[in-house]
Amino acid sequence: MKRSLLQGFTLIEVLVALAVVALALSAGVKAAGALSHNAQRLSDNMAAQWCAENQLASLVLARQFPSVGDASFACEQAGQTYAGQLQIRPTPNPNFRRVDARISTPEGQPLVTLSTILPRY
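Residue indices begin from 1 for each chain and proceed along its sequence in written order. Per-residue local features are limited, in this predicted model, to residues with pLDDT of at least 70; the limit for side-chain atom pairs, both in listing and counting, is 80 or more; totals at the level of whole chains, interfaces and linings are taken over all residues. Values shown for side chains rest on all heavy atoms present in the structure; no hydrogens or waters enter the calculation.

Details of the pattern of salt bridges
Salt bridge, as applied in this entry: a Lys or Arg side-chain nitrogen positioned within 4 Å of an Asp or Glu carboxyl oxygen. All told, the structure shown has three salt bridges when counted by the stated rule. Across the salt bridge formed by Asp 100 and Arg 98, the nearest N and O atoms sit 2.9 Å from each other. Of the residues examined, Asp 100 reaches a relative accessible area of 5% and is grouped as buried. A residue is classified by how much of its surface remains accessible, and Arg 98, at 39% relative accessible area, is partly exposed. Note that Asp 100 is salt-bridged to Arg 102, the shortest N-O span being 3.9 Å. Exposed residues in this analysis have more than 50% of their type's maximum accessible area, buried residues have under 20%, and partly exposed residues fall in between, with area computed by a 1.4 Å probe over protein chains only. The partly exposed category is assigned to Arg 102, whose relative accessible area is 35%. Through salt bridges with shared partners, one network takes in Arg 98, Asp 100 and Arg 102.

Let's talk about the packing of aromatic side chains
Two rings from Phe, Tyr or Trp (for Trp, the six-membered ring) form a pair when their centres are within 6.5 Å of each other. A pair whose planes differ by under 30 degrees is stacked, one over 60 is edge-to-face, and the rest are tilted. Applying the stated criterion to the full structure yields zero aromatic pairs. Any Lys NZ or Arg CZ that is within 6 Å of a ring centre and within 35 degrees of that ring's normal is treated as a charge sitting over the ring. When the ring centre of Phe 65 is taken as reference, the NZ or CZ atom of Arg 120 above it lies at 4.2 Å.

Some remarks on the pairing of strand β3 (residues 96-104)
Summarising the sheet, strand β2 (residues 80-90) and β3 pair through eight bridges and their orientation is antiparallel. Bridging from a neighbouring strand, Pro 90 pairs with Arg 97 of β3. The turn joining β2 and β3, which pair antiparallel and follow one another in sequence, is formed by five residues. At least two bridges found by DSSP between two strands are what make those strands a pair. For the purposes of this entry, the term helix denotes a DSSP run of H or I that reaches at least four residues, the term strand denotes a run of E that reaches at least two, and both are numbered from the N terminus. Sheet topology note: the β3/strand β4 (residues 110-119) ladder contains nine bridges and is antiparallel. Within the sheet, the bridge partner assigned to Ile 103 lies in β4 and is Val 112. Between β3 and β4, which pair antiparallel and follow one another directly, the connecting turn spans five residues, one of which, Gly 108, has a positive phi of 100°.

Some remarks on the side chain of Thr 105
Considering the arrangement of structural elements, one finds Thr 105 in the loop between β3 and β4. Throughout, a residue-residue contact means that at least one pair of heavy atoms, one from each residue, lies within 4.5 Å. Each residue touching Thr 105, except ones within four places of it in the same chain, is listed here: Ala 83 and Leu 111.

Details of the state of the cysteines
A pair of sulfur atoms, both from cysteines and within 2.5 Å, is called a disulfide here. Following the criterion strictly, the structure yields one disulfide and no others. With its sulfur 2.1 Å from that of its partner, Cys 51 forms a disulfide with Cys 75. Taking the sign of the S-S torsion, -85° for the link of Cys 51 and Cys 75, the bridge is left-handed. Pair noted here: Cys 51 is in helix α1 (residues 11-62) and Cys 75 is in strand β1 (residues 69-77), with a separation of 24 residues, a long-range link. For the residue pair Cys 51 and Cys 75, the accessibility class agrees, reading buried in each case.

Honestly, it's all geometry; don't read function into it.
Written out as structure tokens, the structure reads:
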């Protein structure tokens, strides 16, 4: 059965087409939001890793045997301020210390933990 040029779409057909377009657009918006969130998370993790690496490198360059304990610090990278904590622990060999640099968001959500072993110089 052919439609003539004077006939249009029914209201049901128009509503179904609008529903399909709305579903496609909402899926696209959700995907774009997920991409944006993932890009921000990746940027935060990379900057937090820089903070941790800088703290551990400064301990290595100081050439001092750190004492056991915890210390807090703040680090600014890429315009963001991150909270950090150094945890220095003894090892079975008394000539070495294990150092963990833990970086978190200002809200306290953990981002990165890097560890190293420092020798007695």
